[in-house]
Structures are given as structure tokens and as C-alpha cells.
Amino acid sequence: MIHWQPLALPPVSFGINFAKGFRPNDEGYWRRDRRELVGNGETINWQTGKSWGKDDLTIRGRLENKLSDKRIAIIGAGAVGSVLSELMCRAGAHKLTIVDYDDLEQGNLCRHLLDISDLGQNKAVAMATRLNKGHPHSACTAIDARFPKQTQQQNLKLQEADLVIDCTGDDQVTRDLASFAWTDEKQIVSLSLGYAAKRLYFYANPSGKFDPKDFASKVTPFLEQDASEHDGQLLHQGIGCWHSAFPARIDDVWMLTSAGIKLLEAWCTGLSEGNFAVLEQVIDEGGFSGIIRRGAA
């Protein structure tokens, strides 16, 4: 059995600090260290050691290996994509490739993981940088392009993924996921929010290839319900040209995205029934009372 015990060494000699009678070189520095700093009679300054192994650093809470060990591409680094990548990375999924062409703007700050120091930076690049700083085992990369218009080199990186998660909520992206020339069979998942983040929609490809028709048939009834629950007035953000903004509070986005990871983990480990689910907030006379899971309408 090997037992590791760290010890603290004093600052070694350098510069003008060298042994008398010797020159300021390796020999002179070593001679001074042995005479004055780490002689045979010096007491060893033992330290308390801590393990930085991946299993030890995630022992307080980590995803199932069938999910965390995958190479995962997350398309979309907006509110949902940023929260998803942060939570998954901290829970042990360290091989993430984040795809987004957009830059962080001031309006994103109300519900995004990035902050003021990241304004003007590409969201995917800034998120990958953040995640790699947050965990010593993170090996996250970024593709700063609109899917599927990445460069050939970026495409090779994307093709390495075992699992692809679409967080854009963009109909065109779902169509592109189906028509894209994948080099091998991928697990493809769509995570999107309904109006005002009242619902989260989870869809996983049932046969190794994303099926936009199957996805549309299952999600459309709920989207119609979303449309019937608001007055049709869209929020206006900024001055100048009119631009609509998607309303959703940060606590709703983070809560539903967190719950969506539970669905993702269950599906990846074979514990989930069906490939489509809706997580819906329940608001009754007493206010918020929880989240319920609904299947296909």
C-alpha cells in the first residue's frame, strides 16, 4: 500500500541568494539550500493532504456514469444551455462541447450564468472558459458558430459527441438535427421551455436519429396550450427596431432545467418510459405547489 503525505518546503534559493564561495548557478543555489534551509537537522513541515481525483471531488453528488462518461455536445448556450452545462459539469460530465454563434448582451444577464465581465464575448467560448475554471477535471470546448454551419475542424469536434442536446428551442435546429450528416448514430435530445417557462419539453430520439415529425406531433398540443394561456402581447426589449423578448424568470428557468436533467439521466440509464415528457409547474390557490410530469398529449 502506498500512502502519500505532503510536506511544505521553504522557498528555494535564487537570484543573489547563493552560497558563499560559489557562483549564482545551480550549484551555488543548491549549496545554500542544504546549508541554511533544508539541512539534515531541519524539522519536516508535514501538511494535510487532500485528494483531487475526479471520484473524490464529485463524491458529494454526481451523475450516473452512463451520462457523465459521455462526450456531450450542447447546442445553444442561452439561459437553458448555460444552466444545463453548468449543472452537468459540476456533477461530473466534464467532456462538453458547447455550440453557439451568439454573443452575450446586457439583456441576457437577468437569467444567464455568465456575468458583466463576459459582455460582448461569444456565449459558447465564455461558458467553456467558465466551466474549465470551475473544476480541475473539466475539458470543455466551444464551437462559436451557428449549427450546422461550423467549420470543418469544428465539425470534426462535434462529430466526436456521443450525446447531442439541443437547447435552442429553434424549429430550424430540430430540422437540421435530422438532416445533418452524422458520421455515426447519436443519442439526440431536445430540451426546450414553453411560454414564460411554465413547462419544459423533453424529447429523446427513439431510434438513433432525430425525428422532427414525431417531435412536432408530441409537442404541438402543448405549444397550442401555451399560446392559449397568454394574451398575445410580446415584451419589447431595447430602443430602435422592435425586438420581442422571451419572458421567463431566472428561478423558473433554473428550476425546470434542473428537473430536466433528471429526465435526461433516467433516459440515458434506461429507467425512463417513453421518449417524451412535459414538466409543468402547478399553481393553485395557495400559489406554487410543485412540478408534475405529463406524457404525450
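Here, the structure is the one placed above.
Draft legend 1. Examining the pairing of strand β11 (residues 276-284) more closely. Where strand β8 (residues 199-204) lies against β11, 5 bridges are found, and the strand directions are antiparallel. Its bridge partner lying in β11, L200 is registered against L279. With 7 bridges connecting them, β11 and strand β12 (residues 287-294) associate as antiparallel partners. For D284, the partnering residue across the bridge sits in β12 and is G287. Connecting the antiparallel pair β11 and β12 is a turn made up of 2 residues.

Draft legend 2. Inspection of the packing of aromatic side chains at higher detail. Here the structure, examined in full by the defined rule, presents 8 aromatic pairs. Plain terms: the ring middles of Y203 and F210 are 5.3 Å apart, the flat faces sit at 75° to each other, and that makes the pair edge-to-face. F210 shares its class with Y203; the two are buried. Their ring planes at 45° and their centres at 6.0 Å tell us that F222 and F276 sit as a pair that is tilted. One end of the pair, F222, is in helix α8 (residues 212-228); the other, F276, is in strand β11, with 54 residues separating them in the sequence. Each member of the pair F222 and F276 is classed as buried. Taken together through their ring pairs, the aromatic side chains of F147, F180 and W182 make up a single cluster. Note that R146 overlies the ring of Y101, its terminal NZ or CZ placed 3.9 Å from the centroid.

Draft legend 3. How the structure looks around the pairing of strand β3 (residues 72-75). In β3, alternate side chains face the same way, and those of I72 and I74 on one face and A73 and I75 on the other are all buried. As paired elements, β3 and strand β4 (residues 96-99) share 4 bridges and run parallel to each other. Note on β4: the bridge partner recorded for I74 is I98. You can see the chain leave β3, run along helix α4 (residues 79-90) and come back into β4, and the turn it takes is right-handed.

Cut-offs used in this document
- Residues numbered from 1 in each chain as written.
- Predicted model: local features only at pLDDT ≥ 70, side-chain atom pairs only at ≥ 80, totals over all residues.
- Heavy atoms only, no water.
- Pairing = 2+ DSSP bridges.
- Helix = DSSP H or I, 4+ residues; strand = E, 2+ residues; numbered from the N terminus.
- Phe/Tyr/Trp six-rings, centres within 6.5 Å; stacked < 30°, edge-to-face > 60°.
- Buried < 20%, exposed > 50% of the residue type's maximum accessible area, 1.4 Å probe, protein only.
- Lys NZ or Arg CZ within 6 Å of the ring centre and 35° of its normal.
- Right-handed = clockwise from strand over helix to strand, strands pointing away.

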